[in-house]
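Below are the chains, spelled out letter by letter.
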Amino acid sequence: MEAKIGINQRIPIEAIELAVKAVLEDRYDNEYAAELARMEYSGENRIKKAVNIINRLTKNNILMPFLKENERKVKMALKNPNDRGMICIALVNAAYPFCYDVTALLGKYFHAQKEIGSPLITSKLSAKYGTNRSLPNGLYCILPMLIEAGFMTRPRPGFYQMAHLVPQTEIAKTIYQKSFLLNNPTLNEDYHFSNHFYFEYIG
């Protein structure tokens with residue numbers, strides 16, 4: 001049975017950041033999420049789908065209680081572009097294992113080569129996620145988010161190069177590590193995180 005991709009609409013990193021801040025300040029609701037969705041989409045059906053994704057990424061995210069416990073530190077970290085990218089992608093990957101798999105797979109191949117093409121990404125993921133239309137749709141969601149978050153660049157259509165993130169805060173690193181542990185439940189915080197390709201982007 002093919003694994004579930006789940007995500008079917010791209011959410012801008014800026015919208016995730018604004019939603020996180022709203023949740024931390026207890027002023028988040030579906031109406032606000034719909035406002036954020038309208039930054040990217042028109043049409044009620046698309047906006048409704050986007051609201052569901054934004055809810056899953058933020059309000060209903062398993063990492064959100066930890067972010068709330070560290071509200072002041074998280075708000076400070078969000079002011080730095082690298083830390084903001086790490087926190088937002090951590091939330092995406094905690095909410096959608098497919099996005100975690102894409103991030104880790106890219107890290108694996110970036111470790112060995114400077115540039116990766118879309119066909120390689122698709123072929124490697126198809127073993128787990130199948131070859132139906134939802135796979136390229138899912139990639140269309142997560143790849144631009146990784147670019148916007150500063151994890152990689154797209155020098156030309158269909159090709160990607162890794163970028164290096166230099167986190168400025170411990171809280172950003174901790175949140176990113178927690179997203180890894182959620183997707184690897186047999187490991188614990190004693191794991192040497194830098195050994196895994198998921199951390200290839202972190203300088």
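Please refer to the structure higher up on the page.
Conventions adopted
- Residue positions within a chain follow its written sequence, with the count starting from 1.
- Reporting of local features is limited, given that this is a predicted model, to residues whose pLDDT is at least 70; pairs of side-chain atoms are given and counted only at 80 or more, and all residues count toward the totals for whole chains, interfaces and linings.
- Excluded from the side-chain calculation are hydrogens and water; included are all heavy atoms of the structure.
- Put simply, DSSP marks the helices as runs of H or I at least four residues long and the strands as runs of E at least two long, and each gets a number from the N terminus on.
- When checking whether two residues touch, look at their non-hydrogen atoms; a contact exists if any pair is within 4.5 Å.
- Salt bridge, as used here, is a side-chain nitrogen of Lys or Arg placed within 4 Å of a carboxyl oxygen of Asp or Glu.
- Buried, partly exposed and exposed residues are distinguished by accessible area as a fraction of the type maximum, computed with a 1.4 Å probe on protein chains only: under 20%, between the cut-offs, and over 50%, respectively.
- Should DSSP find at least two bridges between two strands, the strands are taken to pair.

Draft legend 1. Expanded view of the environment of A77. One can find A77 in helix α5 (residues 71-77). Taking C-alpha positions, A77 is 7.5 Å from Q168, a pair spaced 91 residues apart along the chain. Those residues in contact with A77 that sit more than four places away from it in its chain are D83, R84, I87, T169 and I171.

Draft legend 2. Main features of the pattern of salt bridges. Taken as a whole, this structure holds 12 salt bridges when the rule is applied. Linking K173 and E170 is a salt bridge whose minimum nitrogen-to-oxygen distance equals 2.9 Å. With a gap of 3 residues between them, K173 and E170 both fall in helix α10 (residues 170-183), about one helical turn apart. Since its relative accessible area comes to 55%, E170 is described here as exposed.

Draft legend 3. Up close: the pairing of strand β3 (residues 159-162). Looking at chain direction, strand β1 (residues 115-117) and β3 are connected through 3 bridges and run antiparallel. Residue pairing in the sheet places E115 in a bridge with Q161 of β3. Both strand β2 (residues 152-156) and β3 contribute to a ladder of 3 bridges, which runs antiparallel. Bridged to T153 within β3 is Q161. Turn length for the β2-β3 hairpin, with the two strands adjacent in sequence and antiparallel, is 2 residues, and the turn residue G158 shows positive phi of about 85 degrees.

Draft legend 4. Looking closely at the environment of T122. With respect to the helices, strands and loops of the structure, T122 is situated in helix α8 (residues 118-129). Judged by relative accessible area, T122 falls into the partly exposed class, the value being 30%. Separated by 70 residues in sequence, T122 and N52 place their C-alpha atoms 26 Å apart. The residues touching T122, leaving out its near neighbours within four places in the chain, are L135 and L139.

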